[in-house]
Amino acid sequence: MRSKVARRILAETPEETKIFVNLYADILVRIKQLLKENGHTQKSFAEKLDKRPSEINKWLTGNHNLTLKSIAKMQAELGEPIIHVPRRVAFSEKESIKRQFTVYKNHQFDPTVKFEEGQKTLRIPKTFQPLAHAGE
Amino acid sequence: MNTFELEIWDDEAKCCTFYTVKDEGADLNETDMFFEKYENDVIYKEHIQQLLSFVLNAIGDRHGAIDELFNRYENEVAGLPSHGHLHLGELHYHFPNFPLRLYALRITNEIVILFGGGIKDGRTNQESSLHYKWVDACNYAKRIIQSLKDGSIVINKQKRILLSFDGSSDIIL
């Protein structure tokens, strides 16, 4: 079940609003998780970026709009992509038919890597293929 | 504080079940009251749509109630008993100068209880006109946390729901 009030408001919410909110949340989550993985505190990250801790705090708590420039600065320091933009690749099957694929590029991976999770050992299946979405 | 019911507000989201509180005799629960109040407000209509989308899509369908999307105010809830992973805070939609606040108690990453909220028009909760909503949220949370501690409410993690001690889904506190 879903609240009738919520259902009504959601039905009136423009698609672009939902996309915007999801993108914003995804980016914030990604940045914060990368900071955690890299063992950064807001203070240490601010020092790396040569910024004041209060400025980084504004970026991460929503008191300052994230710009492409600020995202690029963080991405350069964190060494991992924050946003990934898929590319369209065009090719001709026959002269008369032209198709396009959207390609999501994955990093190379080592299939022998094992991940320990409790007592279980997870292996990357041999059939695993890098993610790719194809569409016309 | 009156008796209130803990009822499901949304269990259709993929990652999270949202509960709300409804005072005995009230027509609407606290969360619906909050959203309905600003639903057709010329100034806040877009904000309320963003906040709802944040709750149901970003948290509910994509991430769950993870730390990264949940602002905690443990220091301000001095009256609450310390209880491990339970956090009273607000689902803070991370965007500059966002005017609305919605208070919530995170039970697990998959179960969240939503309370009411309002417009943050002061620097802190205490200085803001929604201070009384914060106090209400603290009182609801205090009773819920106590009930979880004494076993009046139990968490069913598999089904992502809360149950009364007798296994019933009707929870009156």
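In what follows, the structure referred to is the one given above.
Since we're looking at a predicted model, the values are computed, not measured.

Draft legend 1. Representation of helix H2 (residues 45-63) of chain B within the structure. Residue and element names in this part refer to chain B. At Phe54, H2 shows its largest bend, some 30°. Counting buried positions over the 19 residues of H2 gives 14, a clear majority of the element. Just downstream of H2 lies Gly64, where phi reads positive at about 75°.

Draft legend 2. Representation of the environment of B:Asp32. Looking at where B:Asp32 falls in the secondary structure, it is placed in helix H1 (residues 30-39). For the pair B:Asp32 and B:Thr20, spaced 12 residues apart in the sequence, the C-alpha separation amounts to 8.7 Å. Setting aside residues up to four positions removed in sequence, B:Asp32 forms contacts with A:Ser3 and A:Val5.

Draft legend 3. Structural detail: the interface of chain B and chain A. On the side of chain A, 23 residues touch chain B, which itself brings 28 residues to the contact. For the side of chain B that touches chain A, the secondary-structure elements that each account for two or more residues are strand S1 (4-10), H1 and H2 of chain B. The element best represented in the side of chain B that touches chain A is H2(B), accounting for 11 residues. Of the residues belonging to the side of chain B that touches chain A, the class tally is 13 nonpolar, 7 polar and 8 charged.

Parameters at a glance
Residues numbered from 1 in each chain as written. Chains lettered and ligands numbered in written order. Predicted model: local features only at pLDDT ≥ 70, side-chain atom pairs only at ≥ 80, totals over all residues. Bend = angle between axes of the 7 residues up to and from the residue. Helix = DSSP H or I, 4+ residues; strand = E, 2+ residues; numbered from the N terminus. Buried ≥ 20, exposed ≤ 12 C-beta atoms within 10 Å, placed from the backbone. Contact = placed C-beta atoms within 7 Å. Nonpolar A, V, L, I, M, F, W, Y, C, P; charged D, E, K, R; others polar.

The analysis is restricted to geometry; functional conclusions fall outside its scope.
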